[in-house]
Amino acid sequence: MVQTAAWVTSLVFMSLVFIVFGVVAWKSRVKSDYEHIKKKWYKARIFYATTLVTILLVVCIYTLRELPYDLPIYGEAQDPTIVDVEAVQFGWLMSETEFKVGEPVEFHVTSKDVNHGFGIYDEDLTIIAQTQAMPEYTNNVYITFTKPGTYKILCLEYCGTAHHYMVTEITVTE
Ligand SMILES: [Cu+2]
């Protein structure tokens, strides 16, 4: 169904392009005075350019003013639980693995050896947060778990022959 719709849409647009090219080619054989058309459409061009730049500026200012996006989602009044995470070939060293629903958690993620990826997965193995685990650098992940359960930490970056063993679990209780 989608494939047929894509085919039909493509054919319609290809025909349109073909027709437009044909008409332009046909018309180009006739000499005519373009001065008034030029004047009219140069004005339109300036109008569209100004409108576009204005819209883009407004959108940019509106969407980028909250940068950086990695700010904690919890309020400043709340004390987050700081968890030190160290990735090693091939496992995870974590200062804490048990959390409560609604408790703001701040993972400080680094690596002892090579680049790894720190990915938190829920019970359906859907990724809910991630960052890079890099040697000599700490990345922060802020998360407040909303559902109790056993979550998995998987390495997201191929880091060596036993990369697939880099799995650990954390538990979240009510
Ligand atoms: Cu790894």
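As shown above, the structure is provided for reference.
The residue numbering used here restarts from 1 in each chain and proceeds along that chain's sequence as written. Predicted model: local features are reported for residues with pLDDT of at least 70 only, side-chain atom pairs are reported and counted for 80 or more only, and whole-chain, interface and lining totals are derived from all residues. Side-chain calculation: all heavy atoms of the structure are included, whereas hydrogens and water are not.

**A word on a nonpolar patch on the surface**
Phase 1 of the analysis: Patch definition: residues with relative accessible area over 30% and no salt bridge; like charges joined within 9 Å; nonpolar side chains (Val, Leu, Ile, Met, Phe, Trp, Tyr) joined within 5 Å. For the area figures, the Shrake-Rupley method with a 1.4 Å probe applies, and any residue is considered shielded solely by the protein chains shown. When a carboxyl oxygen of Asp or Glu is within 4 Å of a side-chain nitrogen of Lys or Arg, the pair counts as a salt bridge. On the surface, Trp7, Val8, Leu11, Val12, Phe13, Met14 and Leu16 cluster together into a nonpolar patch covering about 740 Å² of accessible area.
Phase 2 of the analysis: Mapped onto the fold, Leu11 is located in helix H1 (residues 2-27). Here a strand is any run of E in DSSP of at least two residues, a helix any run of H or I of at least four, and the numbering for each starts at the N terminus.

**Here we look at the nonpolar core**
Phase 1 of the analysis: Buried residues of nine kinds, namely Ala, Val, Leu, Ile, Met, Phe, Trp, Tyr and Cys, make up a nonpolar core once their side-chain atoms join them within 4.5 Å. Only protein chains enter the area calculation, which uses a 1.4 Å probe; residues under 20% of their type maximum are buried, those over 50% are exposed, and those in between are partly exposed. Core analysis: the largest hydrophobic core is formed by 23 residues, its most contacted members being Trp92, Phe107, Phe118, Ile120, Phe145 and Ile170.
Phase 2 of the analysis: If sequence neighbours within four positions are ignored, Phe118 has contacts with Val85, Trp92, Phe107, Val109, Ala129, Gln130, Thr131, Ala133, Val141, Ile153, Leu154 and Leu156. Whether two residues are in contact is decided by their heavy atoms: any pair within 4.5 Å suffices.

**Notes on the sheet that holds strand E3 (residues 98-100)**
Phase 1 of the analysis: At least two bridges found by DSSP between two strands are what make those strands a pair. Read across the sheet, 5 strands follow the order E3-E9-E8-E5-E6 without closing on themselves; strand pairing throughout is mixed. Every other strand in the sheet has two partners, leaving E3 and strand E6 (127-133) as the edge strands with one partner each. Here the strands of the sheet are splayed against their neighbours by 25 degrees on average, with no regard to which way each runs.
Phase 2 of the analysis: Two elements, E3 and strand E9 (residues 167-173), share 3 bridges in a ladder whose sense is parallel. Of the residues in E9, the one forming a bridge with Lys100 is Thr173. Angles here are taken between N-to-C directions and fall from 0 to 180 degrees, while the axes themselves are lines fitted to C-alpha atoms, restricted in helices to the stretch in contact.

**A look at the coordination of the copper ion**
Phase 1 of the analysis: Here the term donor refers to an N, O or S atom within 2.8 Å of the metal (or 3.2 Å for Na, K and Ca), and because water is left out of the atoms, sites may appear incomplete. Every protein donor of the copper ion is accounted for by His116 (ND1), Cys155 (SG), Cys159 (SG) and Met166 (SD), and the metal-donor separations fall at 2.0 to 2.4 Å.
Phase 2 of the analysis: In this structure, the copper ion is coordinated by 4 donor atoms arranged in tetrahedral fashion, with angles at the metal of 92 to 125 degrees.
Phase 3 of the analysis: On the primary sequence, the residues serving as donors to the copper ion are separated as H-x38-C-x3-C-x6-M.
Phase 4 of the analysis: Taking relative accessible area as the criterion, Cys159 reaches 8% and is therefore assigned buried. Site shape is set this way: if four donors have all angles between 85 and 135 degrees, tetrahedral; if opposite donors are over 155 degrees apart and all others between 65 and 115, square planar for four donors and octahedral for six; otherwise irregular.

**So, the environment of Ala133**
Phase 1 of the analysis: Structurally, the position occupied by Ala133 is in strand E6.
Phase 2 of the analysis: In this structure the C-alpha to C-alpha distance between Ala133 and Val88, which are 45 residues apart in sequence, comes to 9.4 Å.
Phase 3 of the analysis: Once you skip the residues sitting within four places of it in the chain, Ala133 turns out to touch Ala87, Val109, Thr110, Ser111, Val114, Asn115, His116, Gly117 and Phe118.

**Observations concerning the sheet that holds strand E7 (residues 139-144)**
Phase 1 of the analysis: Reading across from one edge, E2-E1-E4-E7 is the order of the 4 strands in this open sheet, with mixed pairing throughout. The sheet is open, and its two edges are formed by strand E2 (91-94) and E7, each paired on a single side. On average, adjacent strands in this sheet sit at an angle of 25 degrees to one another, irrespective of strand direction.
Phase 2 of the analysis: Two strands pair when backbone bridges link them, and strand E1 (residues 81-88) and E2 are joined in this way by 4 bridges, in the antiparallel orientation. Looking at E2, one finds that Val85 is bridged to Met94.

**What about unusual backbone geometry?**
Phase 1 of the analysis: Here the bond from Gln89 into Phe90 is cis, since omega is 10 degrees, no more than 30 degrees from zero.
Phase 2 of the analysis: Within the fold, Phe90 resides in the loop between E1 and E2.

**Some details on the packing of aromatic side chains**
Phase 1 of the analysis: When two rings of Phe, Tyr or Trp (its six-membered ring) have centres within 6.5 Å they constitute a pair, described as stacked for plane angles under 30 degrees, edge-to-face for angles over 60, and tilted for the intermediate range. Counted by the stated rule, this structure contains 6 aromatic pairs.
Phase 2 of the analysis: Among the aromatic residues, ring-to-ring pairing joins Trp92, Phe99, Phe107, Phe118, Phe145 and Tyr151 into one connected group.
Phase 3 of the analysis: Looking at Arg45, its charged tip hangs above the ring of Tyr42, at a distance of 4.8 Å from the centre. Counted as over-ring charges are cases with an Arg CZ or a Lys NZ within 6 Å of the ring centre that also lie within 35 degrees of the ring normal.

**Some thoughts on the pairing of strand E8 (residues 149-155)**
Phase 1 of the analysis: As paired elements, strand E5 (residues 116-121) and E8 share 4 bridges and run antiparallel to each other. Across the sheet, Ile120 pairs through a bridge with Ile153, a residue of E8.
Phase 2 of the analysis: Across 6 bridges, E8 lies against E9 in antiparallel orientation. Bridging across to E9, Lys152 finds its partner in Glu169.

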